[in-house]
Amino acid sequence: MTAECLLSLSDHSPQIGSKHGVIYLITKYGYIHLYDLESGVCIYMNRISAETIFVTAPHESTSGIIGVNKKGQVRNRQ
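Being a predicted model, the structure only gives us computed values, none of them experimental. Counting restarts for each chain: residues are numbered from 1 in the order of the written sequence. Local features are withheld for residues below a pLDDT of 70 in this predicted model, meaning they are given only at 70 or higher, and side-chain atom pairs are given and counted only at 80 or more; totals for whole chains, interfaces and linings count all residues. Working from all heavy atoms in the structure, the side-chain values ignore hydrogens and water.

**So, the overall build of the protein chain**
Where we set the bar: Numbered from the N terminus, helices here are DSSP runs of H or I no shorter than four residues, and strands are runs of E no shorter than two. Throughout, a residue-residue contact means that at least one pair of heavy atoms, one from each residue, lies within 4.5 Å.
In terms of helices and strands, the protein chain carries 1 helix and 7 strands. Ordered by position from N to C terminus, the α and β elements of the protein chain give α-β-β-β-β-β-β-β. Pairs at least 24 residues apart make up 23% of the contacts formed inside the protein chain by residues separated by at least 6 positions.

Right, dumping it as structure tokens:
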């Protein structure tokens, strides 16, 4: 990961998906970033919600991540 990425982690909620070897980062502004666990290379980035994401948690059955926005919508990625 780049230094800029590491410095901005305060706006992120990182979760590790060990099944796929991925780090999931969801920003409070609704963007998801996926990084390779071993190399730190960004492999995917997209907006998943136009609303503020205020809580995230690991989705253990899929080794993914779920997030809830301020409208109560649940977003998940696996």
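**Some points on the side chain of Gln 15**
Secondary-structure assignment places Gln 15 in strand S1 (residues 12-17). Here Gln 15 is in contact with Val 22, Ile 23, Tyr 24, Thr 56, Ala 57, Pro 58 and Ile 65, once residues within four sequence places are set aside.

**Some thoughts on the confidence of the model for the protein chain**
We apply this condition: Per residue, pLDDT measures the predictor's confidence, with a range of 0 to 100.
Looking at the protein chain as a whole, the pLDDT averages 79, with 81% of positions reaching at least 70. Looking at the elements of the protein chain, mean pLDDT is at its lowest for helix H1 (residues 3-7), recorded as 49, and at its highest for strand S4 (residues 42-47), recorded as 91.

**A look at the nonpolar core**
For the record, the criterion: Residue types Ala, Val, Leu, Ile, Met, Phe, Trp, Tyr and Cys, when buried and joined through side-chain atoms within 4.5 Å, form a set referred to as a nonpolar core. Burial classes follow relative accessibility: with a 1.4 Å probe on protein chains only, a residue under 20% of its type's maximum area counts as buried, one over 50% as exposed, and anything between as partly exposed.
In terms of nonpolar packing, the biggest core is built from 8 residues, these being Val 22, Tyr 24, Ile 26, Ile 32, Leu 34, Ile 48, Ile 53 and Ile 65. With 3 residues, the single largest contributor to this core is strand S2 (residues 22-27).

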